[in-house]
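A structural walkthrough
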Amino acid sequence: MQIPLNPSVMFQQQEKERILWLRKELHRHNHNYYVKSAPEISDREFDELLAELAALEALHPDMADPNSPTVRVGSDLNRDFRQVEHAYPMLSLGNTYSREEVRAFYARVAEGLGGQPFEICCELKFDGLSISLIYENGRLLYAVTRGDGVRGDDVTENIKTIRSIPLCLSGEASTLPERFEIRGEVLMPWESFERLNVERERSGEPLFANPRNAASGTLKSKNSAVVAARGLDAYLYYMPGDETPCDTHYDNLQCAAHWGFKVSDAMCVAKTLDEVYDFIDYWDEHRRELPVATDGIVLKVNSLAQQQELGYTAKSPRWAIAYKFQAERARTRLLEVTFQVGRTGAVTPVANMEPVQLAGTVVRRASLHNEDVIRQLDLREGDFVYVEKAGEIIPQIVGVDVSARADADAKHVEFVKTCPECGALLVRYEGEAAHYCPNYTACPPQLKGRIEHFVSREAMNIDSLGPETAALYFDRGLIRDVADLYALRVADLCGADRSREKSAKKLVDGIAASRQVPFDRVLYALGIRFVGKVVAKTLAAHFRNIDRLRAASVDDLLQVEGVGEAIATSVKTFFDDERNMQLVERLMQAGVQMELPEVVQASDRLAGKSIVISGTFEHHSREDYKAMIEAHGGKNVGSISKKTSFVLAGANMGPSKLEKAQKNGVPLLSEDEFLQLLNGE
Ligand code: IVH
């Protein structure tokens, strides 16, 4: 006799199967998107699947998987890195800078192999930081930085947030080695790098000089949510060990690509020295089109048996070498050093030079960063300087052509003593390289900069107020600080002839709408030094409202995961300043959100109910409905099963969900019916 399954057990089983299916699908879509750059589904559909998986995982803690696609979002856990010894030391490569040196390498290899024919695998030299990944049974076990070459930091949690690194490998389990190591480079693509620096400038943090520093700073972060937000990428280029799947380096990498790793397409197997030169010449020119930074070419003997024959020196393999691209450099004359004041009051010296052509653009200005840099260069007025493009984007002065200095006693370039904008005496804090203008309340670029930051898209999102208009209103005396925005009326903004009434109204409406911006973004908008978006979110979630935050001591702040000395001190200093407190008070009066909504238990009307939300809504957002369900004791679930109590069905509910609800006999509640239910009607 067949014993019927308990329905609840049966549905639990279905949900578990769904979890497994979703994980597989999401791994596949991740691969399509991040490695193959050929997504099959929209970002939104991807997010929906991910949300469904997260909801199901929450219901089935016994199905937890450290390699689930849901771990990509990172966590706020603060950890110290564990040290891990490398199974094979992580060596560096010998560097060459000229064709002659490449020819010499080629000749050494030929000689070392006693005249056997050989091939050279030519690759790009990625300019990031190296990483070693260990996989066991097709799953990422841990990820370790190069460290000192013998042992490195275990940065597994951070690495898991990099979406192009597969957590689970594709391909038949039987074809995968049980355990293997693969090495590659973690990079910050140009696009992420530029975005990050714009954000850092806004929140008053020092800029990263190049994507390599940015990638390295990011990977060492103790907060994997920060890592997740920064858009790192990774290319894999080497499988050490004796038990690799193929006999040649090239085939090993192609195999790795099949398993799901991101392997560069820019690779070729050269049979002659001329083919090696062709590869170098091609990429010396075309590397500028790549989405990531490269600083040369790596040449590797392709056959693994031949690699073994050639062996290693103490520092590097004899079977491989790096050829470094020449950094593009130009010589030009320094005309004048001017000083720029930023939103935080930091004063940056800028070299203005005679225009010069460099790597495809005309360069006129270069940042000199701070006084120490000027001193190190021993920069004198009228000097001829050498300019290079650091990471090919930001021009840097790398040296002075001293031989061209007409007057040996030429005047040193001096850092200004007073603010070029407001005349205040500059200060330099202990341990910092930058000079600051301390005139927080009256220095125009600081005031304007804070307004610009406040209204920016990622802060209060008052998009009808661009930087130029904000500066104009500031200059006209209409706004002195961000709280003044909330007092603006249409009549203040349109001309006497009311010609600009429409745009003025749009702006006033935009400002009014910003009253709904949640507290964490308001906190970011305040422009507290070192409080970027992620930190603002963390602080808001921890303290819940501005009163508790402003009452927090440095020690209280340090208790928050992801908050270190610099952030804690900066937050404390901000709220200790009476002027900031007054500003916050005025913003509060204006109706700006200064707390996160309370998660209060409104009722237990939905206790024991599992509810699926589907479709689009008129009265409240999907997020609001989720919060309401929880507030009334219900549970949000991602997918429909027989256990689902009902579906909160908005407009445009997908046909497959509809069918599933019907099949499982799950009732649908409209938005209005749901609201009536909550109101006890
Ligand atoms: S192979 C034993 N291939 O360059 C050979 N390295 O000084 C291991 N790098 O630390 C390295 N692109 O971080 C290899 N296509 C590439 C590379 C590459 C960048 C870095 C790597 C290493 C350094 C060599």
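Residues numbered from 1 in each chain as written. Predicted model: local features only at pLDDT ≥ 70, side-chain atom pairs only at ≥ 80, totals over all residues. Heavy atoms only, no water.

**As for the overall build of the protein chain**
- In terms of helices and strands, the protein chain carries 24 helices and 21 strands.
- Split into buried and exposed, the 681 residues of the protein chain put 49% on the buried side.
- Within the protein chain, counting contacts between residues at least 6 apart in sequence, those at least 24 apart form 68% of the total.
- Summed over all atoms, the accessible surface of the protein chain reaches about 33900 Å², with 50% contributed by carbon and sulfur.
- For the protein chain, the centre of its 81 positive side-chain charges and the centre of its 100 negative side-chain charges are spaced 2 Å apart. (Helix = DSSP H or I, 4+ residues; strand = E, 2+ residues; numbered from the N terminus. Buried < 20%, exposed > 50% of the residue type's maximum accessible area, 1.4 Å probe, protein only. Contact = heavy atoms within 4.5 Å. Areas by Shrake-Rupley, 256 points an atom, 1.4 Å probe, with all protein chains shown as cover. Lys, Arg positive; Asp, Glu negative; His and termini not counted. Charge placed at Lys NZ, Arg CZ, Asp CG, Glu CD.)

**Details of the pairing of strand 3 (residues 120-126)**
- The buried count for strand 3 comes to seven of seven residues, which makes it a mostly enclosed element.
- When strand 3 meets strand 10 (residues 294-301), the two strands line up antiparallel, connected through seven bridges. Counterpart to Leu124 in the pairing with strand 10 is Ile297. (Pairing = 2+ DSSP bridges.)

**Examining the site of the ligand**
- Around the ligand, the surrounding shell consists of Ser92, Leu93, Glu123, Leu124, Lys125, Phe126, Ser130, Glu185, Tyr237, Val298, Lys300 and Pro317.
- Phe126 places a main-chain nitrogen or oxygen 3.0 Å from a nitrogen atom of the ligand.
- Measuring from an oxygen atom of the ligand, one finds a side-chain N or O atom of Tyr237 at 3.1 Å.
- Its free accessible area being 530 Å², the ligand has 90% of it covered by the protein chains.
- Mapped onto the shell around the ligand, the elements with two or more residues apiece are strand 3 and strand 10.
- Top element by residues in the shell around the ligand is strand 3. It accounts for four residues.
- Residues that form the shell around the ligand fall into these classes: six nonpolar, two polar and four charged. (Near = heavy atom within 4 Å. Polar contact = N/O pair within 3.5 Å; in protein donor to acceptor, adjacent residues only side chain to side chain. Nonpolar A, V, L, I, M, F, W, Y, C, P; charged D, E, K, R; others polar.)

**Observations regarding the packing of helix 12 (residues 444-455) against helix 13 (residues 467-475)**
- One way to put it is that helix 12 packs onto helix 13 with a least axis distance of 10 Å and a crossing angle of 130 degrees. One finds that helix 12 runs oblique with respect to helix 13. For the element pair helix 12 and helix 13, the recorded crossing hand is right-handed. Contact residues: Pro444, Leu447, Lys448, Ile451 and Glu452 in helix 12; Pro467, Ala470, Ala471, Phe474 and Asp475 in helix 13.
- Taken together, the residues that form the contact of helix 12 with helix 13 break down as seven nonpolar, no polar and three charged. (Axes fitted to C-alpha atoms, helices over the stretch in contact; angles between N-to-C directions. Parallel < 35°, antiparallel > 145°, perpendicular 65-115°, else oblique. Left-handed = near helix turned anticlockwise from the far one by under 90°.)

**Here we look at the confidence of the model for the protein chain**
- Here the protein chain averages 88 in pLDDT, and 93% of its residues register 70 or above.
- In this model, residues 1-7 is a region of pLDDT below 50 whose contacts with residues beyond four sequence positions or in other chains number one contact.
- Counted against residues more than four places away or in other chains, residues 75-79, with its pLDDT under 50, gives 17 contacts. (pLDDT = per-residue confidence, 0-100.)

**Considerations on the sheet that holds strand 11 (residues 320-324)**
- In space, the five strands of this open sheet follow the order 2-11-10-3-9, with mixed pairing throughout. What marks the edges here is a single partner per strand, and that holds for strand 2 (95-96) and strand 9 (267-270).
- Against the sheet, helix 3 (residues 99-112) makes contact with strand 2, strand 3, strand 10 and strand 11, and its axis sits at roughly 170 degrees relative to strand 11, the strand it touches most.

**Comments concerning the side chain of Asn545**
- Here Asn545 is to be found in the loop between helix 17 (533-543) and helix 18 (546-550).
- Accessibility expressed as a relative area gives 18% for Asn545, which makes it buried.

**A few points about the environment of Arg230**
- Within the secondary structure layout, Arg230 lies in the loop between helix 7 (224-229) and strand 8 (233-238).
- Taking the C-alpha atoms as reference, Arg230 lies 24 Å from Arg450; in sequence the two are 220 residues apart.
- Residues contacting Arg230, with those up to four places away along its chain left out, are Met188, Ser192, Arg195, Leu196, Arg200, Phe208 and Thr218.

**Things to note about the nonpolar core**
- Counting 57 residues, the largest nonpolar core has Leu485, Tyr486, Leu523, Leu539 and Leu587 as the members making the most contacts within it.
- Listing elements by their share of this core, those giving two or more residues are helix 12, helix 13, helix 15 (501-513), helix 16 (519-525), helix 17, helix 18, helix 20 (565-576) and helix 21 (578-589).
- Setting aside chain neighbours within four positions, we find Leu523 in contact with Ile528, Ala536, Leu539, Ala540, Ile546 and Leu549.
- Formed by 39 residues, the second largest nonpolar core is a distinct cluster that contains Leu133, Ile165, Ile182 and Leu232. (Core = buried A, V, L, I, M, F, W, Y, C linked by side-chain atoms within 4.5 Å.)

**As for the pattern of salt bridges**
- Counted under the stated rule, the structure contains 41 salt bridges.
- Linking Glu371 and Arg375 is a salt bridge whose minimum nitrogen-to-oxygen distance equals 3.1 Å. Taken together, the residues Glu371 and Arg375, both in helix 11 (residues 371-377) and four residues apart, mark about one turn of the helix.
- By relative accessible area, which is 14% here, Glu371 ends up buried.
- A relative accessible area of 57% means that Arg375 is categorised as exposed.
- Of the charged contacts in the structure, one is a salt bridge between Arg428 and Asp372, with a shortest N-O distance of 3.0 Å. With a gap of 56 residues between them, Arg428 in the loop between strand 16 (394-400) and strand 17 (435-436) and Asp372 in helix 11 connect regions that are remote in the sequence.
- Salt bridges here are not isolated pairs; linked through shared partners, they connect Arg23, Glu57, Asp65 and Arg139. (Salt bridge = Lys/Arg side-chain N within 4 Å of Asp/Glu carboxyl O.)

**So, unusual backbone geometry**
- Unusually for a residue other than glycine, Asn137 sits at a positive phi of about 45 degrees.
- For Asn137, the location among the structural elements is in the loop between strand 4 (129-136) and strand 5 (139-145).
- For Asn137, a relative accessible area of 57% puts it in the exposed group.
- The phi torsion at Phe530 lies on the positive side, around 70 degrees, for a residue other than glycine.
- On the secondary structure map, Phe530 appears in the loop between helix 16 and helix 17.

**With respect to the sheet that holds strand 8**
- Here four strands make up an open sheet; going across it, the order is 5-4-7-8 and the pairing antiparallel. Each end of this open sheet is capped by a strand with a single partner; those strands are strand 5 and strand 8. When strand polarity is set aside, the average angle formed by the axes of neighbouring strands in this sheet is 35 degrees.
- When strand 4 meets strand 7 (residues 179-187), the two strands line up antiparallel, connected through eight bridges. Note that in strand 7 the partner of Ile134 across the bridge is Glu181.
- The strands touched by helix 6 (residues 211-219) are strand 4, strand 5 and strand 7; relative to strand 4, the strand with the most contacts, the crossing angle is about 45 degrees.
- Strand contacts of helix 8 (residues 249-259): strand 7 and strand 8, with the helix running at about 145 degrees to strand 8, the strand carrying the most contacts.

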